[in-house]
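Coordinate inspection notes
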Amino acid sequence: MSESTIEIGRREAQAIRQAIQRSEPQRMIIRQAAVLGAGVMGAQIAAHLANANVKPILFDLPAKEGKDKSAIANKAIEALTKLNPSPLATASVVKQITAANYDEHLHLLKDCDLVIEAISERMDWKKSLFEKVAPHIGPNAIFASNTSGLSITELSKSLPAALRKRFCGIHFFNPPRYMRLVEIIPTAETDPAIVDRLETFLTTTLGKGVIRAKDTPNFVANRVGVFSMLATMHHTVQFKLGFDEVDALTGPAIGRGKSATYRTADVVGLDTMAHVVKTLGDTLPSDPWAAYYKAPEWLAQLVEKGALGSKTKAGIYTKKGKDILVLDLAKKDYRPAAGAIADEVQAILKEKNPGEQLAKLRASAHPQAQFLWAIFRDVFHYVAVHLADIAHSARDVDFAVRWGFGWSRGPFELWQAAGWQRVAKMLEEDIAAGKTMARAPLPKWVNDGRTGVHSAEGSYSAETGKMVGRSTLPVYARQLFPETVLGEKQADRGTTVFEDEGVRMWHQGERIAIVSFKSKMHSLGTEVLLGLNRAIDEAEKNFDALVIWHEAPFAVGANLKAAIESLKAGKFDEFEKMVALFQQTSQRLKYSLVPTVAAVQGMALGGGCEFVMHSQRVVAALESYIGLVEVGVGLLPAGGGLKEFAERSVAWAKGGDAFPELQRAFRQVAMAEVSKSAENAREMGYLKAGDLVVFNSDELLYVAKQQARAMAESGVRPALAPAQIPVLGDTGIATLKMMLINMKEGGFISEHDYEISSRIAEILCGGEVEPGSMVDEKWLLDLERKHFVELAKTPKTQERIEAMLKTGKPLRN
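1. What about the overall build of the protein chain?
On a plain count of helices and strands, the protein chain comes out with 30 helices and 23 strands. By its C-alpha atoms, the protein chain is 90 × 85 × 65 Å across when sized along the principal axes. Out of the 813 residues in the protein chain, the part that is buried amounts to 55%. Entry remark: accessible area of the protein chain is about 35,100 Å², with carbon and sulfur atoms responsible for 53%.

2. Quick look at helix α28 (residues 751-764)
In this model α28 runs 20 Å from its N-terminal to its C-terminal C-alpha over 14 residues, within 8% of the 20 Å that 1.5 Å per residue would give. Listed as buried for α28 are H752, D753, Y754, I756, S757, S758, R759, I760, A761, E762, I763 and L764. At its buried positions, α28 is contacted by α23 (641-652), α24 (659-670), α27 (729-745), α29 (777-792) and α30 (795-807). Remark: G766 follows α28 within two positions and exhibits a positive phi of approximately 85 degrees.

3. Describing the sheet that holds strand β12 (residues 454-455)
Spatially, the 3 strands line up as an open sheet ordered β12-β13-β14, and their pairing is antiparallel. A single partner strand is all that each edge strand has here, and the edge strands are β12 and β14 (466-468). Of the strand pairs in this sheet, strand β13 (residues 458-461) and β14 are connected by 3 bridges, and their pairing is antiparallel. Residue S459 lies in a different strand from β14, and its bridge partner there is V468.

4. Considerations on helix α18 (residues 420-432)
A turn of α-helix holds 3.6 residues, and therefore any two residues three or four places apart point the same way. In this model α18 runs 18 Å from its N-terminal to its C-terminal C-alpha over 13 residues, within 8% of the 18 Å that 1.5 Å per residue would give. Of the residues making up α18, those classed as buried are W420, V423, A424, M426, L427, D430 and I431. Down the axis of α18, the buried side of the element spans an arc of 160 degrees, and every buried residue falls inside it. Looking at α18, the residues exposed on the side facing more than 90 degrees away from the buried face are K425 and A432. Those residues of α18 hidden inside the fold are in contact with α14 (354-363), α15 (367-390) and α17 (411-417). Just past α18, the residue G434 takes up positive phi, approximately 75 degrees.

5. Quick look at the environment of G315
Mapped onto the elements, G315 comes out in the loop between α12 (297-305) and β9 (317-320). Overall, G315 belongs to the buried group, its relative accessible area being 0%. When the C-alpha positions of G315 and R263 are compared, they lie 9.2 Å apart, and in sequence the two are 52 residues distant. When residues no more than four places from it in sequence are discounted, the contact partners of G315 are D266, L270, L302, A307, G309 and Y334.

6. With respect to the environment of T797
One can find T797 in helix α30. For the pair formed by T797 and G169, sequence separation is 628 residues and the distance between their alpha carbons is 55 Å. In contact with T797, not counting residues within four places along its chain, are V633, G634, L635, H752, L791 and A792.

7. Focus: the packing of aromatic side chains
The final tally for this structure, using the stated rule, is 27 aromatic pairs. Seen from their ring centres, F412 and W420 are 6.5 Å apart, and the 20 degrees between their planes marks the pair as stacked. One exposure class covers both F412 and W420, and it is buried. Seen from their ring centres, W415 and W420 are 3.9 Å apart, and the 5 degrees between their planes marks the pair as stacked. A relative accessible area of 2% places W420 in the buried class.

8. Some details on the sheet that holds β9
Pairing is antiparallel across the open sheet formed by 3 strands, whose spatial order is β9-β10-β11. Each edge of the sheet is formed by a strand with only one pairing partner; in this case those strands are β9 and β11 (333-336). Averaged over all pairs of adjacent strands, the angle between strand axes in this sheet comes to 40 degrees, irrespective of strand direction. Pairing analysis gives 4 bridges linking β9 to strand β10 (residues 323-328), with the strands arranged antiparallel. Paired with K319 across the strands is I324, a residue of β10.

9. Some remarks on the pairing of strand β18 (residues 545-548)
The side-chain alternation of β18 yields two buried faces, one formed by A545 and V547 and the other by L546 and I548. Sheet analysis places strand β17 (residues 512-517) next to β18, joined by 4 bridges and oriented parallel. The residue of β18 that forms the bridge with I512 is A545. As a crossover connection, the stretch from β17 through helix α19 (residues 526-542) into β18 is right-handed. Where β18 and strand β19 (residues 596-605) come together, 3 bridges link them in parallel fashion.

10. Focus: the pattern of salt bridges
Think of it this way: side chains of opposite charge can pair up when their charged atoms draw near. What the rule picks out here adds up to 61 salt bridges. With its nearest N and O atoms 3.1 Å apart, the salt bridge here joins D544 to R511. Here D544 is found in the loop between α19 and β18, whereas its partner R511 is found in the loop between β16 (503-507) and β17, with 33 residues between them in sequence. On the basis of relative accessible area, D544 is assigned to the partly exposed category, the value being 22%. A relative accessible area of 43% places R511 in the partly exposed class. Members of the salt-bridge network, linked through shared partners, are R362, R377, D378, K425, E429 and D430.

11. Details of the state of the cysteines
In protein chemistry, a disulfide is the covalent bond that joins the sulfur atoms of two cysteines. Using the criterion set out here, one finds 0 disulfides in the structure. Left without a disulfide partner, C609 is nearest to the cysteine sulfur of C765, which lies 19 Å away.

12. Quick word on the environment of Q668
Here Q668 shows up in helix α24. For Q668, a relative accessible area of 4% corresponds to the buried category. Along the sequence, Q668 and I185 sit 483 residues apart, while their C-alpha atoms lie 45 Å from each other. Setting aside anything within four residues of it in sequence, one finds Q668 in contact with F645, E673, M684 and Y686.

13. Describing the side chain of N533
If you trace the backbone, N533 turns up in helix α19. Excluding residues that lie within four positions of it along the chain, N533 makes contacts with L581, Q584, T585 and R588.

14. Some thoughts on the packing of α27 against α28
Two measures define how a pair of helices packs: the angle their axes make with one another and the distance between the axes. Between α27 and α28, the shortest axis-to-axis distance is 9 Å and the interhelical angle comes to 165 degrees. Between α27 and α28, the crossing angle belongs to the class labelled roughly antiparallel. When you trace α27 past α28, the crossing you get is right-handed. Residue-level contacts link I733, L736, K737, L740, I741 and K744 of α27 to E751, Y754, S757, S758, A761 and E762 of α28. Here the contact of α27 with α28 is built from residues that sort into 6 nonpolar, 2 polar and 4 charged.

15. A short note on the pairing of strand β2 (residues 55-60)
Where burial is concerned, most of β2 is hidden: 5 out of the 6 residues are buried. Across 5 bridges, strand β1 (residues 32-36) lies against β2 in parallel orientation. Looking at β2, one finds that A34 is bridged to I57. Handedness of the β1-helix α2 (residues 40-51)-β2 crossover: right-handed. Bridging between β2 and strand β3 (residues 98-101) involves 4 bridges; their strand directions are parallel. Its bridge partner being in β3, D60 is matched across the sheet by N101. Running through helix α3 (residues 71-80), the crossover from β2 to the neighbouring parallel element β3 is right-handed.

Reading the values: the criteria
Residues numbered from 1 in each chain as written. Predicted model: local features only at pLDDT ≥ 70, side-chain atom pairs only at ≥ 80, totals over all residues. Heavy atoms only, no water. Helix = DSSP H or I, 4+ residues; strand = E, 2+ residues; numbered from the N terminus. Buried < 20%, exposed > 50% of the residue type's maximum accessible area, 1.4 Å probe, protein only. Areas by Shrake-Rupley, 256 points an atom, 1.4 Å probe, with all protein chains shown as cover. Expected span 1.5 Å × (residues − 1). Contact = heavy atoms within 4.5 Å. Pairing = 2+ DSSP bridges. Arc of directions from axis to C-beta. Phe/Tyr/Trp six-rings, centres within 6.5 Å; stacked < 30°, edge-to-face > 60°. Axes fitted to C-alpha atoms, helices over the stretch in contact; angles between N-to-C directions. Right-handed = clockwise from strand over helix to strand, strands pointing away. Salt bridge = Lys/Arg side-chain N within 4 Å of Asp/Glu carboxyl O. Disulfide = S-S within 2.5 Å. Parallel < 35°, antiparallel > 145°, perpendicular 65-115°, else oblique. Left-handed = near helix turned anticlockwise from the far one by under 90°. Nonpolar A, V, L, I, M, F, W, Y, C, P; charged D, E, K, R; others polar.

Written as structure tokens, this is what we have:
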């Protein structure tokens, strides 16, 4: 074949590849990313990239002293290991982050597929850095700024034309691992294909909920959320309420996060809060609410004094010993925090009808009630007036505030739930009476006869005047049951195979069966165990695989209420039969003739953890917290969890010595240790090497079904039960007990703790037998059941169970 023919063939092949790339959505391949700025946000963004197996390079200024010019970045990386909650999925992840500085390492940028700038919120500083790094960014890399509110278009002006097409805003929320929201802010020059690929990456690889925001000051979430905080601050002074009193009112009592308003401000940083507010004031001078876009005098004074909140250990709140103190504006000093909701207002907040609740707050003369109505009213007013300016739809506003500020319902959802026209009428009356923070009239679309902004058709877009549907990006096909807004069409819940008191078994038109628990917190009572056994029977006869899936939590363990009732009634035979049924169910998951896949998110504790350990495959959301925690209620794992650790310790043994692995498992169970992530659960031995971790919990069922299908198609059958398991016997028991004796004598554990842990040691080591003895799974299960029932009969264990049911906290007796 001639060279010219080969060259023609190459050109044809290239043309075909380019045509395919143009006709199909491009998948964004990001192997390596750079983060510019090793501050609080930059370092934690790098950590989350590392969690997702994206190799991060963390840049900062070169150190002025010492041999290590990357000392600033290295210090930030080291600090990641000390943060709580941890930004790291596992402690070892931190080793994947490379420290760099702008003097020595700019050449590394050419190999990065994504570059995220995350330095301080100064337009001049950011532009200066852009000019420095732009020549080094690769020709196909995406460049993004993690600004919380500066103009992306203005920032882009300092970039060369070719790079502007690959530039956008990418606004993470703090802390980046845990906060779901990321806003993408394209400019008019940003290539739409780049935005699609970035959204896909953020959604699946990093597990985020993405909102495409307009390039307006503070974008969507901060624009609404910060205004809500400003309104709260304004009305705090107006109604003469204490900061702690307001936090009692604006937290879970009204469907918002536990940190409420002022604790949130302290966590965010009062200087950051003041800067975001200043951005609004500087960029929106003609806004109807412009008079309020400035830091209150007390906030400015705290910032000037350096009392910036949590990072300086003093702000609106401070701590003295174990006491929490709060700033008292009247006294200009701190006092003990003791804010509470008045009984009259508490009664109104218990009203289940949102419309009645708002009407009663408005009608009440109590300052707390008037305050609550005022902050609701002013946010409704604000989002209605600004919807066309700041967001593509009402859905974007509601999701942004829910995901970025922890509200259970967004402002438009709450308005719609309370009765759209009823609330609109109350707003108009208050606007006319001069009670609102601004006199701007409601836009005409509010009173066009509508009943809300969300419906089965979609969500209202004020910029187009139409209802708009969800994104059609292919990545969202992976979300079989996506999070919805009030009034939106719900996804089809499939076809029911059977449904009883404990479970629902169903499918989605394929031969993959799904079983979902119905009990409160998905606790594992007899009805769930019987239902799950029936589901396995049905799956083995009529389906190719079985997936356990439902919303978080996966399962919180046994039904303690039913257990204590049996024990108090002296029904010990009935109690033991329940334990035997639990063990039988675990074993059936392990040895089912069709693949069993556990789709796990949230807590999988006690018996829930044991179901995870026995499922043939696990697909776990990153934020899964898994552990055997039975000692907290005076019991021990008896659903096969200890049996599994006895087996796995042998498999994990290095050089034939299983004791170090068994000792690690013993410590985990005896201390009721819970994983801090799904990857951490793998390190702890709760997940197997072949189990999968997904970052977006909305994709969990999709991936679990794909795994189940792959296992079924490849003819996977359960491993045969091991005929013989070598155990450590009495020597192992004695060694583990020596640890316990030292802890008891040191006052670290109680006598009953010692009793429980000694029994755990006996089970893990196979009982009082010769070291190296061979036992089978039945032997270990019998030991679990025997010790579990004996402990359950003791008064101290029953006291622990009752205390947990009453207080939700473990009793140490």
